[in-house]
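Chain residues, written in single-letter form:
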Amino acid sequence: MKIGWPVGAENAIRTLYRSPAAWLLHEVIFLLLYDLERSGNCYKIRLLLSLLGITYQKTSVDLNAGEGQQPEFLALNPRGQVPVLVDNDTTLWDSTAILVYLARQYGRGLWLPTDPVGMAKVMQWLSFEQNEGRYGLGRARAITLNSPTLLARTGNLEDSQALALIGLDVLEKQLTGNEWLVPEAGGPTLADIACYPYTALAPEGGIDLEPFVAIKRWLTRMRTLPGYIELP
Ligand SMILES: N[C@@H](CCC(=O)N[C@@H](CS)C(=O)NCC(=O)O)C(=O)O
């Protein structure tokens, strides 16, 4: 794991970014993602960046080698988790916070509605994802794959799968008759991006998606989004 940019490159980039010519580069954004290929939480960020057409640098954090607990990394995220995003002087941890930041900063008004109801409806699903998604779908997968993470070590497979199925029922109901999780937004939002990876990866946690007809259609729909990238 390499923490940050090489000093020379970072200085050059910062100088360019703040120079009077920066307006010429308004589409050039310098982002660094602390990443783990197999992580669904990191994938959410990579997916949104790709859908937005934003190029970025990434550096891999080897959790198996304990890199998440090294002081340099804990200085970026006291939780010792990926993803972490660095955008110029701003460092952010937690996939939900990073998704919200990217949508607001670079999303040109898409992905996160600005009206109170639309925004709150997206937040409902972001919260759902960090509960039923993380402790159900995500943890069942982490345990099955023998992940070294705290999440995998602090729960059992049976309870995780049971919570995952409760979550899948909620998703199935919402997606029956709706193309996207927040139909009021008129298209896909952060709600869909956040809920997508651990739902799609549910079979890796021993959960069969066959009975969930509406969910399966939604997963297929997600894969047609321009800029879609394959799951890890
Ligand atoms: N709520 C956090 C969870 C992040 C998370 O659990 N990341 C895992 C990888 S998917 C991790 O880095 N775990 C390290 C550990 O717990 O030791 C988010 O959404 O970003």
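Up top you'll find the structure we're talking about.
Keep in mind that what you see is a predicted model, and the values were worked out from it rather than measured.

Caption draft 1: Representation of the overall build of the protein. The secondary structure content of the protein amounts to nine helices and four strands. Each helix and strand of the protein, ordered N terminal to C terminal, gives the series α-β-α-β-α-β-β-α-α-α-α-α-α. Within the protein, buried positions represent 44% of all 232 residues.

Caption draft 2: Local environment of the packing of aromatic side chains. Here the structure, examined in full by the defined rule, presents six aromatic pairs. Geometrically, the ring pair formed by Trp125 and Phe128 is edge-to-face, given 5.1 Å between the ring centres and 75° between the ring planes. Pair noted here: Trp125 and Phe128 are both in helix H5 (residues 116-144), with a separation of three residues, about one helical turn. The exposure classification of Trp125 matches that of Phe128, with both residues buried. Here a set of aromatic residues connected by ring pairs shows up, and it is made of Tyr43, Tyr196, Trp218 and Tyr228.

Caption draft 3: Seen up close, helix H2 (residues 40-52). If you check H2, its first and last C-alpha atoms are 18 Å apart, about what 13 residues at 1.5 Å a residue would give, namely 18 Å. The buried fraction of H2 amounts to twelve of the 13 residues, a majority that puts the element mostly inside the structure. Within H2, the full set of buried residues consists of Gly40, Asn41, Cys42, Tyr43, Lys44, Ile45, Arg46, Leu47, Leu48, Leu49, Leu51 and Leu52. Against strand E1 (31-35), strand E2 (57-60), helix H4 (95-106), H5, helix H8 (190-200) and helix H9 (213-222) lie the buried residues of H2. Taking the backbone nitrogen of Asn41 as reference, a side-chain oxygen 3.2 Å away marks Ser39 as the first, capping residue of H2. A positive backbone phi angle near 70° is found at Gly53, which sits one or two residues after H2.

Caption draft 4: Spatial organisation of the pairing of E2. Relative to E2, E1 runs parallel, the two sharing four bridges. Residue pairing for E2: Leu32 is matched across the bridge by Gln57. Note on the crossover from E1 through H2 to E2: the handedness is right-handed.

Caption draft 5: Looking closely at the pattern of salt bridges. Tallied over the full model, the rule gives nine salt bridges. Lys58 is paired through a salt bridge with Glu37; the nearest N and O atoms lie 4.0 Å apart. A residue pair is termed long-range when its members are at least 10 positions apart, and Lys58 in strand E2 and Glu37 in the loop between E1 and H2 qualify at 21 residues. Accessibility expressed as a relative area gives 43% for Glu37, which makes it partly exposed.

Caption draft 6: Structural detail: the packing of helix H7 (residues 157-175) against H9. The N-to-C vectors of H7 and H9 enclose an angle of 75°; their axes lie 8 Å apart at closest approach. One element, H7, and the other, H9, form an angle in the roughly perpendicular class. Residues Leu168, Leu171, Glu172 and Leu175 of H7 touch H9, and the partners they reach there are Val213, Ala214, Ile215 and Trp218. Per-class residue counts for the contact of H7 with H9 are seven nonpolar, no polar and one charged.

Caption draft 7: Region of interest: the environment of Ala142. When you line up the elements, Ala142 lands in helix H5. Ala142 sits in the buried class, given a relative accessible area of 11%. Along the sequence, Ala142 and Glu204 sit 62 residues apart, while their C-alpha atoms lie 8.7 Å from each other. Setting aside anything within four residues of it in sequence, one finds Ala142 in contact with Ser147, Thr149 and Ala152.

Caption draft 8: Highlighting the nonpolar core. Counting residues in hydrophobic clusters, the biggest one holds 51 residues, and the most contacted among them are Leu102, Trp111, Leu190, Tyr196 and Trp218. Secondary structure elements with two or more residues in this core: E1, H2, H4, H5, H7, H8 and H9. Take this core: its biggest share by element is eight residues, from H8. The residue makeup of this core includes at least three contributed by each of domain 1 (7-106) and domain 2 (116-222). Look past the residues within four positions of Leu102 in its chain and what remains in contact with it is Leu31, Ile45, Leu48, Leu49, Leu52, Leu85 and Gly107.

Calculation rules
- Residues numbered from 1 in each chain as written.
- Predicted model: local features only at pLDDT ≥ 70, side-chain atom pairs only at ≥ 80, totals over all residues.
- Heavy atoms only, no water.
- Helix = DSSP H or I, 4+ residues; strand = E, 2+ residues; numbered from the N terminus.
- Buried < 20%, exposed > 50% of the residue type's maximum accessible area, 1.4 Å probe, protein only.
- Phe/Tyr/Trp six-rings, centres within 6.5 Å; stacked < 30°, edge-to-face > 60°.
- Expected span 1.5 Å × (residues − 1).
- Contact = heavy atoms within 4.5 Å.
- Polar contact = N/O pair within 3.5 Å; in protein donor to acceptor, adjacent residues only side chain to side chain.
- Pairing = 2+ DSSP bridges.
- Right-handed = clockwise from strand over helix to strand, strands pointing away.
- Salt bridge = Lys/Arg side-chain N within 4 Å of Asp/Glu carboxyl O.
- Axes fitted to C-alpha atoms, helices over the stretch in contact; angles between N-to-C directions.
- Parallel < 35°, antiparallel > 145°, perpendicular 65-115°, else oblique.
- Nonpolar A, V, L, I, M, F, W, Y, C, P; charged D, E, K, R; others polar.
- Core = buried A, V, L, I, M, F, W, Y, C linked by side-chain atoms within 4.5 Å.
- Domains from an automatic or database assignment.

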